[in-house]
Amino acid sequence: QVQLAESGGGLVQAGGSLSLSCAASGRPLATLMMAWFRRAPGKEREFVAGGRLSAYYADSVKNRFTISNDNTRNTVTLQMNNLKPEDTAVYYCAARQQVTISRDSDAYECWGQGTQVTVSS
């Protein structure tokens, strides 16, 4: 059973940066496909970034966010730069055992509890 725990959310001004971390336990990170999703108020949950050997991003965050996997620490990090008010959401870490990327949240079996990111204008 994989368990995920996010940390690092908070309040930041537009243009600022935040780093989110997701610690995985129960299976080696190298055997999982990891992804970040987010849900803004009143909106559907959406794919943000994911990857294992290659990285994939939503168009809205490309060139601003970076996902990285640290297999020695079993942790995946989402570095978010140049944040915008529209990035405000609860961010979720997700994992799936099939090691191919999917932008569909239904494809992921394991989820963290979520961490709030608020970007003020």
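Refer to the structure printed above.
What counts as what
Per chain, residue numbering runs from 1 following the sequence as it is written. Where totals are concerned, whole chains, interfaces and linings use all residues; where local detail is concerned, this predicted model gives features only for residues with pLDDT of at least 70, and gives and counts side-chain atom pairs only at 80 or more. Side-chain numbers here rest on the full set of heavy atoms in the structure, without hydrogens or water. At least two bridges found by DSSP between two strands are what make those strands a pair. Every helix listed is a DSSP run of H or I at least four residues long, and every strand listed is a run of E at least two residues long, numbered separately from the N terminus. Here, the term disulfide refers to a pair of cysteine sulfur atoms separated by no more than 2.5 Å. Only protein chains enter the area calculation, which uses a 1.4 Å probe; residues under 20% of their type maximum are buried, those over 50% are exposed, and those in between are partly exposed.

Draft legend 1. Up close: the pairing of strand E7 (residues 65-70). Alignment of E7 against strand E8 (residues 75-80), held across six bridges, turns out to be antiparallel. Note on E8: the bridge partner recorded for Thr66 is Gln79. Joining the antiparallel neighbours E7 and E8 is a turn of four residues, in which Asn74 adopts a positive phi near 55°.

Draft legend 2. Highlighting the state of the cysteines. The full count for this structure, using the stated rule, is one disulfide. Note on cysteine connectivity: Cys22 is disulfide-linked to Cys93, with sulfurs 2.1 Å apart. Between Cys22 and Cys93, the S-S torsion sits near -80°, and that sign places the bridge as left-handed. One end of the pair, Cys22, is in strand E3 (residues 18-25); the other, Cys93, is in strand E9 (residues 89-96), with 71 residues separating them in the sequence. Since its relative accessible area comes to 0%, Cys22 is described here as buried. Looking at the unpaired Cys110, the closest cysteine sulfur is the one in Cys93, lying at 9.7 Å.

Draft legend 3. Seen up close, the pairing of E8. Along E8, five of the six residues are buried, which leaves the element largely enclosed by surrounding structure. Relative to E8, E3 is paired through six bridges, and the arrangement is antiparallel. Counted as the bridge partner of Cys22 is Val76 from E8.

Draft legend 4. A look at unusual backbone geometry. The residue Asn63 is not glycine, and still its phi comes out positive at about 75°. Along the chain, Asn63 falls in the loop between strand E6 (55-57) and E7. A relative accessible area of 80% means that Asn63 is categorised as exposed. Positive phi, close to 50°, is recorded for Asn82, a residue that is not glycine. By the element assignment, Asn82 lies in the loop between E8 and E9. Residue classification places Asn82 among the partly exposed positions, given a relative accessible area of 42%.

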